[in-house]
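Structural overview
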Amino acid sequence: MDVCVIGGSRHFGRRLIGELRASGAAVTVVNRGSAPAPHGVTHLLADRDDEAALRAALGGRRFDVVIDQVCYTPLQAAVAARVFAGRTRRYVLTSTVEVYAELGRPGGPAVPEEAVDPSAGSFDLELPWAKGRFLEDHYGEGKRQAEALLTREAPFDVAVVRTAHVLGGADFTGRLAHYVERIEQGLPVVVHPAPQPASFVHEPEVARFLAWAAAADFTGPVNAASRGTLDARELCTAIGAAIEVEPRLTDGPGALLSPFSFDRCYAMDTDRASRLGFGFSSVADWLPLVIKEARER
């Protein structure tokens, strides 16, 4: 395959590029150059928000598939739909569990893909997506609208990979580190009185899934999550057992809540991925290793 990856300079994006190259794919990476591109790829410098610059950087190149790691708004999706028209037959959008943020409820079931149908979704290009604070406050909604615009308007096949909370690797978010550091130092971890379960996925596994999705032919959304869930208390218990320190947990106001403490169920249903032929590992298989990595880092 000839694959274009938009972004791919950090976290599981770099792992994805390694997976693609190991499969024999020719890989072109398009980003702003904020970090060096991995070895063995064609590196094109462009700001994906600048349509003219993106067209110029791509030139006459065409690809079997595009994997978009950094599309956060319907404005960015609209640019991609125009620029890659006639350049690719397939587009894989990396999305997020956060598109389900308003649907979960305490004690609720795992959420299937059809709960948010991008083919019926709406989008608003007039919202202030270019403002950083607005985008930060509407991260899940921006992703949902990007899904909708590409699914409804792009002239190529679109697959949407909704990732669970990614743990492991060079995680720049610091969310797992928050727990490891506080528990190791004997500091309290703030959680909801009744924290709800969430889905997680291991960094190398989501990279493998994206590479697999690039070579597949399905369209529409698919959830990417390891088997099993954790609520914030269970996560703290696992970390405490791994580092042999008893966690100190406390209730507190929203502003102080730890990153993976939720008041609604964030579990993801992965039956579609299984039917398509991809089997995820269990959280229990890799969590101890991830905790060890976070502690060492």
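Check the entry above for the structure.
Overview of the structure. (Residues numbered from 1 in each chain as written. Predicted model: local features only at pLDDT ≥ 70, side-chain atom pairs only at ≥ 80, totals over all residues. Heavy atoms only, no water.)

The subject of this paragraph is the nonpolar core. Leu20 and Ile239 are the most contacted members of the largest nonpolar core, which totals 64 residues. Ranked by the residues each element gives to this core, the list is headed by helix H7 (residues 203-215), at seven residues. If you look at the next biggest cluster of nonpolar residues, it comprises 27 residues, including Ala78, Val79, Leu150 and Phe156. (Core = buried A, V, L, I, M, F, W, Y, C linked by side-chain atoms within 4.5 Å. Buried < 20%, exposed > 50% of the residue type's maximum accessible area, 1.4 Å probe, protein only. Helix = DSSP H or I, 4+ residues; strand = E, 2+ residues; numbered from the N terminus.)

Okay, the pattern of salt bridges next. Oppositely charged side chains may form a pair once their charged atoms are brought near each other. Per the stated rule, a full pass over the model turns up twelve salt bridges. Glu51 serves as the salt-bridge partner of Arg82, at 2.8 Å between the closest nitrogen and oxygen. A residue pair is termed long-range when its members are at least 10 positions apart, and Arg82 in helix H3 (residues 74-83) and Glu51 in helix H2 (residues 51-58) qualify at 31 residues. Given the relative accessible area of 45%, Arg82 is considered partly exposed. (Salt bridge = Lys/Arg side-chain N within 4 Å of Asp/Glu carboxyl O.)

This part is about the sheet that holds strand E11 (residues 229-230). The strand order E7-E9-E11 describes an open sheet built from three strands, whose pairing is mixed. Every interior strand has two partners, whereas the edge strands, strand E7 (165-167) and E11, have only one. With two bridges connecting them, strand E9 (residues 198-202) and E11 associate as antiparallel partners. The residue of E11 that forms the bridge with Ala198 is Leu230. Here H7 sits on the sheet and contacts E7 and E9; the angle it forms with E9, its principal contact strand, is near 80°. (Pairing = 2+ DSSP bridges. Contact = heavy atoms within 4.5 Å. Axes fitted to C-alpha atoms, helices over the stretch in contact; angles between N-to-C directions.)

Any two packed helices are characterised by the angle at which their axes cross and by the distance between the axes. The N-to-C vectors of H2 and H3 enclose an angle of 40°; their axes lie 10 Å apart at closest approach. The way H2 lies across H3 gives a crossing that is right-handed. Residues Glu51, Leu54, Arg55 and Leu58 of H2 form the contact with H3, whose participating residues are Val79, Arg82 and Val83. A breakdown of the residues in the contact of H2 with H3 according to their chemical character gives four nonpolar, no polar and three charged. (Left-handed = near helix turned anticlockwise from the far one by under 90°. Nonpolar A, V, L, I, M, F, W, Y, C, P; charged D, E, K, R; others polar.)

We now examine the environment of Leu127. As for its placement among the helices and strands, Leu127 is situated in the loop between strand E5 (90-96) and helix H4 (132-137). Leu127 sits in the partly exposed class, given a relative accessible area of 30%. Sequence-wise, Leu127 and Thr73 are 54 residues apart; in three dimensions their C-alpha atoms are separated by 9.8 Å. Non-local contacts of Leu127, meaning those with residues more than four positions away in its chain, are made with Phe134 and Gln145.

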